[in-house]
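An overview of the molecular structure
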Amino acid sequence: MSKLPNFLIVGVMKAGTSGAALNLNMHPEIYCVTPYWKKKTIEKHSYNTGSFVGGMSNEESKEMDFFNLQTNYDQGIDIYKNFFPINSIPNRGESSPNYFCLDENRYSGCMTRMDESLDTENTKIIIFLRDPITRAYSHWNHIQLPNTDFGDRYKGKTFNECTEQASNPAANNAILGRSMYANNIASYRSTFGNDNVYVATQESIIANPLAEYNKIFNFLGTFDLPTDPGFVMSNVGDYTGSIDSQSLAWCKDYFRNDVTLVKALYPDLDYSGWNSY
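Because the structure is predicted, anything quoted here is derived from the model rather than measured. (Residues numbered from 1 in each chain as written. Predicted model: local features only at pLDDT ≥ 70, side-chain atom pairs only at ≥ 80, totals over all residues. Heavy atoms only, no water.)

1. Observations regarding the packing of helix 9 (residues 182-192) against helix 12 (residues 245-265)
At a minimum axis distance of 9 Å, the contact between helix 9 and helix 12 shows a crossing angle of 35°. Between helix 9, through Ala182, Ile185 and Arg189, and helix 12, the contact on the second element is made entirely by Asp258, Leu261, Val262 and Leu265. (Axes fitted to C-alpha atoms, helices over the stretch in contact; angles between N-to-C directions. Helix = DSSP H or I, 4+ residues; strand = E, 2+ residues; numbered from the N terminus. Contact = heavy atoms within 4.5 Å.)

Structure, rendered in C-alpha cells:
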C-alpha cells in the first residue's frame, strides 16, 4: 500500500534541490525520493522505465517529473503513489525542479494535474531560490559540460550569446526563463495557499544549513535537529571563469522587476548574497 506525498520541492533548477532531497532524509520524520529509493521502487514493482519519460525514466535521478509530463501522468496516480510507501514516517515528498517551469510549453498542464490529484489544502510546497544571475550562469555552465544531454542550442556559445543575444523571444530561453520567479511563486500560492508555500534562498542555506533546514522542518510540522547531521550540497559544479561585465549589467536590468516582485512577496528573506538590482 502507499499514499500520496504531502510535500513537494518544486524548484528551482540549480538552487540546491538535489542536496535538499538528500538532506531532508537525514531527519527521522521525513522521507524524500532519492535515486536509491526510486531504484528500489522500480525493482520492487518491476516497472519498465521505457514507459516513462524525464525523471521517472532515469533511475539515477531523484526527480519524478510526474505532474509536468503528460506521458508520466497517463501511467496513473497509483504508480506514482508506490514511490511513497506507507510507514511510520509522517512527511513524504519528492524533489522535481521542473515543476516550477509552469510557463514552458512542454510542461503545460502541470498545475492542473497537481490540483486534480493532490490534497492542495494539506500539501506543502518548498521552493529554493538563488540569485537569478548566478543561477542562470550555473545553468549555462552545466550545459557546457560534455555529458550534459540538454540545452544543445546553447552548447559552445558564450554566456552573452545565450542571454542578451538570445533574449527575444525570452519565453523560449530556459536559461533566462528559469531565473524568473515571481509569477510561478504566485501560481503555487494561489493553488496551495500562501501558508503552504515555503521559500528559502540557496545562499542562506549554504551560510547556515542547520538553522535554515530547521526552518523547513518546522514548516513541515516536525522537530528541529540539535546538530548538523552532515548536510551536503549535491551536484555543485566546479566551474571556472566569471560573468563578463556586459552580461552582468544586462542581466541586472533584465531581472530587476522580477526580483522586486519576489522581495515584495518575501521581504524577510536574506538577499544579501544576491546581486544588487
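Once you've had a look at it, read on.
2. Considerations on the packing of aromatic side chains
Counted by the stated rule, this structure contains 24 aromatic pairs. Considering the side-chain rings of Tyr31 and Phe84, the 6.5 Å spacing of their centres and the 90° angle between planes classify their relative orientation as edge-to-face. Of this pair, Tyr31 sits in strand 2 (residues 30-32) while Phe84 sits in the loop between helix 4 (77-81) and strand 3 (91-95); the two residues are 53 residues apart in sequence, bridging distant segments of the chain. On the accessibility criterion, Tyr31 (9% relative accessible area) is buried. Their ring planes at 20° and their centres at 4.8 Å tell us that Trp250 and Tyr254 sit as a pair that is stacked. Residue Trp250 and its partner Tyr254 are both found in helix 12; the two are separated by four residues, about one turn of the helix. Among the residues examined, Tyr254 registers a relative accessible area of 24% and is labelled partly exposed. (Phe/Tyr/Trp six-rings, centres within 6.5 Å; stacked < 30°, edge-to-face > 60°. Buried < 20%, exposed > 50% of the residue type's maximum accessible area, 1.4 Å probe, protein only.)

3. Points about unusual backbone geometry
Omega for the bond connecting Gly11 with Val12 falls within 30 degrees of zero, at 0°, which places this linkage in the cis form. Position of Val12 among the secondary structure elements: in the loop between strand 1 (7-11) and helix 1 (17-24). Of note in the backbone geometry, Ser46 takes a positive phi value of approximately 55° without being a glycine. Here Ser46 shows up in the loop between helix 2 (35-45) and helix 3 (70-73). Note on Ser46: relative accessible area 64%, which makes it exposed. You will see that Asp65, though not glycine, has its phi angle at about 50°, which is positive. Summarising the element assignment, Asp65 is placed in the loop between helix 2 and helix 3. What makes Asp65 buried here is its relative accessible area of 3%.

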